Each structure stands twice: as C-alpha cells, then as structure tokens.
Amino acid sequence: MVKSMLRSLRAFRTSASGGIAGRSLSTLFPPIQASILADCIRRSRLLLVAFLLATVLSSLCTIAGPLLFAHAISQVTAGTATTPGLLGTFVLFASTVAGTRVLQNLKGLLCNRLDQAVRNESNKVALSALLDARSAIFIVNNPAAITTLVHNLLRSNSIYVQVLLMMVLAGAADILVAFLAITGYVSGTVAMFVLAYGVIEVWLTFRGNAATRQSLQAAQDRSVEGANLFGNVLGNIVTIRAFRGRRWISGLYDRCCDDVQHQWNRFYGVQIRYTSLQALLLGVQYASILAILVLTLNGPDLVSQLVMVSMVLLLLNQPFELIAYSLRECVVARGLVRPLQDQLDKYRRADAVTATLPLPGEGPPDFELSSLAFGYDAGRKVLDGLSARFRPRNLNFIVGPSGAGKSTLLQILLRLNESYEGEVRVDGTELRAIDEHAYLSAVGYVPQDSLLMNMSIRDNVSFGRDCSDAEILESLSLVRLDEKLQQLAEGMDFVIGERGQLLSGGERQRLAIARALVARPKILILDEASSALDEATERSIFKAIRMIAGRTTVIAVTHRVGVIEPQDHVLDLGATATQQDDSLRA
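Residues numbered from 1 in each chain as written. Predicted model: local features only at pLDDT ≥ 70, side-chain atom pairs only at ≥ 80, totals over all residues. Heavy atoms only, no water.

### Focus on the packing of helix α15 (residues 469-478) against helix α17 (residues 505-517)
For the pair α15 and α17, interaxial distance at closest approach is 8 Å and the crossing angle is 130°. Relative to α17, the element α15 lies oblique. Where α15 crosses over α17, the two elements pack in a sense that is right-handed. Residue-level contacts link Ser475, Leu476 and Leu478 of α15 to Leu511, Ala514 and Leu517 of α17. For the contact of α15 with α17, the per-class residue count stands at 5 nonpolar, 1 polar and no charged. (Axes fitted to C-alpha atoms, helices over the stretch in contact; angles between N-to-C directions. Helix = DSSP H or I, 4+ residues; strand = E, 2+ residues; numbered from the N terminus. Parallel < 35°, antiparallel > 145°, perpendicular 65-115°, else oblique. Left-handed = near helix turned anticlockwise from the far one by under 90°. Contact = heavy atoms within 4.5 Å. Nonpolar A, V, L, I, M, F, W, Y, C, P; charged D, E, K, R; others polar.)

The following block contains the structure:
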C-alpha cells in the first residue's frame, strides 16, 4: 500500500512540470501541493509503515472486542459458561480495549509528526514559488492576502494528511477487518448489505460535493478579496483616520464578509441536505439488518449475534462515515489551495531564452533598450516601444511622473520581470539569455524601502556575503556612516533593531546604500535611494557614487532633479520617444 501511495504521489509531483500525464494528475492535486505531498511522503516512508502497522493492529483489536463479548454472551445463554472462562474472556476484552486506546494515541502522534513535516515543507515551497513568480503577483496582492493564501495552503495540506492517514487508511483497514468478521461469524448477506450502504453513502457525498463546488469557490475568492482589503486597511490606517473613512471602509469589509458568509451558508445548506439523506439511509440499514437476523436466526445464537452485529455495525459504519466526511473535506482542501495555485499560474515567470551565458565583458556593462514594451493587463502598456541606452562613467537617471513605468523598468533590469516585449541588451547580449546568478552577482540595488533586520550593522551590510570588516568599513565611509560608528561603543556589532528602528530614517537609507556598494558591483541600481536624506548628505553621497562611476554602471530613479548634473544621461519616461532620444544624446 505504501509503495502504491508513493508511486501515485511521485506521479503527482511530475505533474508540476507539465506534460499530458501531469495535466491529468493535476486535476487531483494542484502542482504546488502535489510536489509538497510527494516529497514529504517520500521522506517519511518509515513513519508511514509504522502508521500502517498501528492501523492494522488497532482494527484487529477494535473488532476482537465485540467478538469476545459476543462469545461470552453465547456461552452464558447456552449454559456452558464457567467462571474462569468468563473471567479470561473479559480480561482479553479489556486488553483489546486498552490496546485500541494505545494504538489510537500512537496513530495520532505519527499523524501529527507527518503533518508537521508537511507544514515545514509547505512553507519552504510556498516561499520559493512566490520568489520565483513575477513581481506583478505582489502588485495585485498585498502581504495580508499573500499570507492568507499561504495559510490556506497549510490548512489544505493538513486536511489531506488527516484525511489520508486517520480517515482513509484507518477507515479502509477497519472496513476490511469488520467485513471479514461479519462474513465469517454472521452471514455474507448481512456483509453485502453493509457494503451496499457504504457505497451509497460515498455516492451521496460525491453528489453533494458536485452541488456545492461553485459556492465553495465563490466563498474562497471573496475571502481572498477580504484579506486584500484587510491588508490595505492595516497599511493605511493613518490615511483612513485622516479622511474619516472608517465608516466607508467598515461598510466595504462588512459587505465582503456578508458575501463570504452567504456563499458558505449555501455550501453548508446543501451539505446538510445530503447528510440528512445519509442519516435516513443509516436508519434503514440498521432496521433492515436487525430484521434479517431476527427472521433468519433463532435459539441462543440470536442473542449473541444481535449483540455482536450491533457493536460491529457501530464500528463498521463509522469508517464509511469518516470516508464520506473525508471526501467533503477534500473538496474544502482543494478550494483552499486553488486561489494560490491560480495566482502562481497567472504570474509564472517566463522561461529564459537560454539563461546560461556569462555576464559579457570585464568592466561595467553598457545597456541598450530596444522597442521595450510591457503591460500588466492586456491592452494597457506601462512601457510601450521604449528605446534608450545606459552607459558607465556617467550617472544614468530615470525620471517621469507617477505611473510612467519607472518601477516597472527597474524590475526588468533586476530580472524580476522577464515577460517584456522587445530587447534589453547588456554589452550586446540579451538580458534573458544571461545566467541569472552571474548577472545578479554583479548588481547592487537600493530600493525605496530597504529590508533591514534586527541584527548588527556588519550583518546588515554583508547580508550573508563574505565581506571583510575593511570592505564593510570602506562602504560605510562612502555613505558617511563612519562617524556614526565612532559614536557607538559596539561599533559594527551594534544591533539596529527591527526594521532599523534604532537608526534615523537617513541612517537607514545610507546603510542600505552601503550594502549595495560593499561588493563593488559592476551595476548599481538606485530606486529613489536618497529620498530620506537631507540635501547636504544627498550631495555628498552622489559625489561618492560619481567617484565609482568609472567602474560601475549607475542607473538611478529620482524625483529630485537637483542631483542631476549636465554630464549625466537622463531618460524621461514622461516625454515622447523623440524627446527621450534627444535627452540621451545631450
């Protein structure tokens, strides 16, 4: 059984890479989930074997109890019972009850162990998938929505683990053992009657799942929209208060929550109708089987077999009910992960042309943009037919109004977005054909809001790279943070606090620039990196940057035209194509 499961999940894992087989298997598990489950079960083979052994033993103990009890009743009614025999039988009965409890606890621990492994793998795979996705995924989904999508993946995988182990495998083992017991000790007719009940119950569950699929999808979609709205509120609470927008925002969120609740009510309403039919079916099953026994049996066997069948039916019906419940949960689990998979599919990064070529040349490269175009939505281009050139030795500034495409252009240059039209050539080689690691190793980048961690100044500058203290100190001196170090008793060991809260805004931005400069990059990309600096500090930092421009191609987005000097190259995204060419030739 374990080998069969592993073969299936290996196939599910293969589905993530596409192909005919992959497309057919992805109807069972979305690709991201198939990969996670396959990897975890492959690494947990021994744990699964232990769980299967505990499951089989637990099923045997569970069924042995009613058989022993019925045997004791049969001896009593037949008048053949002895006190030692009854005591021995009841000791064995008590042992099976205790053994069942121990084995059930063991199964729970093993299941939780696998669930934890799946949870850890889910976090790693989800983070990797999001990092590999196009940056547009973070434009249409804020951090709260992304967190909700990943949390839903974790919930979905936990449901599948519980369903696979505690319900499906355990239920199948219980059904098999109980079916054999009824067939051997009562009658095959009764056993087939019970089996028919189970088949009908599972069929009703499938029907209920099909009837509720649309409501479930609508509820999940609206939940993600609500998470996006909630995240926007948390990120803009000051603005909401300043514009007295609390009532408006609350109304929007209330309507979203009401829509979600309405869809869930529809989902559970249909499920309740189908579970009511299953309950009616259960009553019919009990009445029919007990009537069959009364009509076909007589004498002392009737009492013992009525006792045994009643107890076994309780045990046998429960696995069928658990399997039916599992099928309903699987629909919920698939609905939970579907929005994340949809987003990953929608914003999957385009494969590079070859992506194996080294970064051309030894010195700072020359960038040439030819007919560059990109749009997040069909029919609306953020960049459309852009042609430009960035050279080393002088600073290259990108200016333009909000929405002109400055951030989009930087994302392309940073290899965060490779689905553009046209060409970006680096010393004559198309950017997408250059090995990504080789290219990014030569890039220094300073965003508007840099990631600063609650670690030392040294760690925040080196950022995991192998940098000497002398190199770190040199980069800190270029941005005029050497004076700050002299004021700190800990020097470069000073811990700057979460998000750099123990530094001023200007110091945080200078620290981010030092991080970009410490590795002596061939390409330096600045996204309004001096926006938090005073004018004097800004001039001094750009003076230092101009000093290294001979060995670095500097591309900077800015809204402060005061930092631009006559010898600099300027790309104005708000101008026409002709004006852009004229400005570059200036």
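Past the structure itself, the notes keep going.
### Considering the layout of surface pockets
In this approach the atoms are scanned with a rolling probe the size of a water molecule, which exposes any empty space left behind. Volume-wise, the largest pocket comes out at about 1500 Å³. Elements with a contribution of two residues or more to the lining of the largest pocket: α5 (83-132), α6 (137-140), α12 (406-413), α13 (436-441), β6 (443-446) and α17. The greatest single-element share of the lining of the largest pocket, amounting to 5 residues, is contributed by α5. (1 Å grid on protein atoms, 1.4 Å probe; cavity = no way out; pocket = protein on both sides within 12 Å on 5 of 7 lines; lining within 4 Å. Points joined across faces, edges and corners; volume = space filled by probe spheres on them.)

### With respect to empty space enclosed by the protein
Under the criterion given, the structure shown has 1 cavity of 30 Å³ or more. Of the pockets and cavities examined, the largest cavity occupies roughly 50 Å³. The wall of the largest cavity is formed by Ile457, Leu476, Leu481, Lys484, Leu485, Leu503 and Leu511.

### A closer look at the nonpolar core
Counting 42 residues, the largest nonpolar core has Ile32 and Leu165 as the members making the most contacts within it. With 35 residues, the next largest nonpolar core counts Leu476, Val479, Phe494 and Leu511 among its residues. (Core = buried A, V, L, I, M, F, W, Y, C linked by side-chain atoms within 4.5 Å. Buried < 20%, exposed > 50% of the residue type's maximum accessible area, 1.4 Å probe, protein only.)

### Remarks on the sheet that holds strand β7 (residues 523-527)
Working definition: the strands of a sheet are paired by backbone hydrogen bonds and lie parallel or antiparallel to each other. Read across the open sheet, the 5 strands follow the order β6-β7-β8-β3-β9; overall the sheet is parallel. Either end of the sheet is taken by a strand with one partner, and the two such strands are β6 and β9 (569-572). Neighbour-to-neighbour, the strand axes of the sheet open up by a mean angle of 15°, direction not taken into account. As paired elements, β6 and β7 share 4 bridges and run parallel to each other. Of the residues in β7, the one forming a bridge with tyrosine 445 is isoleucine 525. Set on the sheet, α12 makes contact with β3 (396-399), β7, β8 (553-557) and β9; between it and β7 the angle comes to about 155°. The strands touched by α17 are β6 and β7; relative to β6, the strand with the most contacts, the crossing angle is about 175°. (Pairing = 2+ DSSP bridges.)

### A short note on the sheet that holds strand β2 (residues 383-390)
If you trace the 4 strands from one edge of the open sheet to the other, you get β2-β1-β4-β5, paired in antiparallel fashion. With partners counted over all chains shown, the strands left at the sheet margins are β2 and β5 (429-430), one partner each. One ladder, built from 5 bridges, connects strand β1 (residues 367-374) with β2; its direction is antiparallel. Bridging from a neighbouring strand, phenylalanine 374 pairs with leucine 383 of β2.

### Quick look at unusual backbone geometry
Despite not being glycine, aspartate 427 shows a phi value in the positive range, around 50°. Tracing the sequence through the fold places aspartate 427 in the loop between β4 (421-426) and β5. A positive phi angle, near 50°, is found at arginine 520, a position not held by glycine. Relative to the elements of secondary structure, arginine 520 occurs in the loop between α17 and β7. Here arginine 520 falls in the partly exposed class, since its relative accessible area comes to 48%.

### A word on the pattern of salt bridges
What the rule picks out here adds up to 13 salt bridges. Its salt-bridge partner being aspartate 39, residue arginine 42 comes within 3.5 Å of it at the nearest N-O pair. Here aspartate 39 and arginine 42 lie together in helix α3 (residues 31-43), a separation of 3 residues that amounts to about one turn. Accessibility expressed as a relative area gives 31% for arginine 42, which makes it partly exposed. Between arginine 520 and glutamate 474 there is a salt bridge, with its nearest N and O atoms 3.1 Å apart. Separated by 46 residues along the polypeptide, arginine 520 in the loop between α17 and β7 and glutamate 474 in helix α15 bring together distant segments of the chain. Within this structure, Arg43, Glu121 and Lys124 form a network of salt bridges that share partners. (Salt bridge = Lys/Arg side-chain N within 4 Å of Asp/Glu carboxyl O.)

### What about the confidence of the model for the protein chain?
On average, the protein chain scores 75 in pLDDT, and the residues at 70 or more come to 76%. Overall, residues 1-26 carries pLDDT values under 50, and its contacts beyond four positions in sequence, including any with other chains, amount to 35 contacts. Below pLDDT 50 for its whole length, residues 576-586 participates in 14 contacts with residues either more than four positions away or in separate chains. (pLDDT = per-residue confidence, 0-100.)

### Brief notes about the packing of aromatic side chains
Applying the stated criterion across every chain yields a total of 2 aromatic pairs. The interplanar angle of 70° and the centroid separation of 5.0 Å between the aromatic rings of phenylalanine 29 and tyrosine 160 together place this pair among those described as edge-to-face. Residue phenylalanine 29 is located in the loop between α2 (20-25) and α3, and its partner tyrosine 160 is located in helix α7 (residues 143-185); the two are separated by 131 residues in the primary sequence. Between phenylalanine 397 and phenylalanine 542, the ring centres sit 5.9 Å apart and the planes meet at 40°, which makes this aromatic pair tilted. Here phenylalanine 397 is found in strand β3, whereas its partner phenylalanine 542 is found in helix α18 (residues 535-547), with 145 residues between them in sequence. (Phe/Tyr/Trp six-rings, centres within 6.5 Å; stacked < 30°, edge-to-face > 60°.)

### Quick notes on α3
Relative to the 18 Å expected for 13 residues at 1.5 Å per residue, α3 spans 19 Å between its end C-alpha atoms, a close match to the ideal helical length. With respect to burial, α3 is a largely interior element, 11 of its 13 residues being buried. Taken together, the buried positions of α3 are occupied by Pro31, Ile32, Gln33, Ala34, Ser35, Ile36, Leu37, Ala38, Asp39, Cys40 and Ile41. (Expected span 1.5 Å × (residues − 1).)

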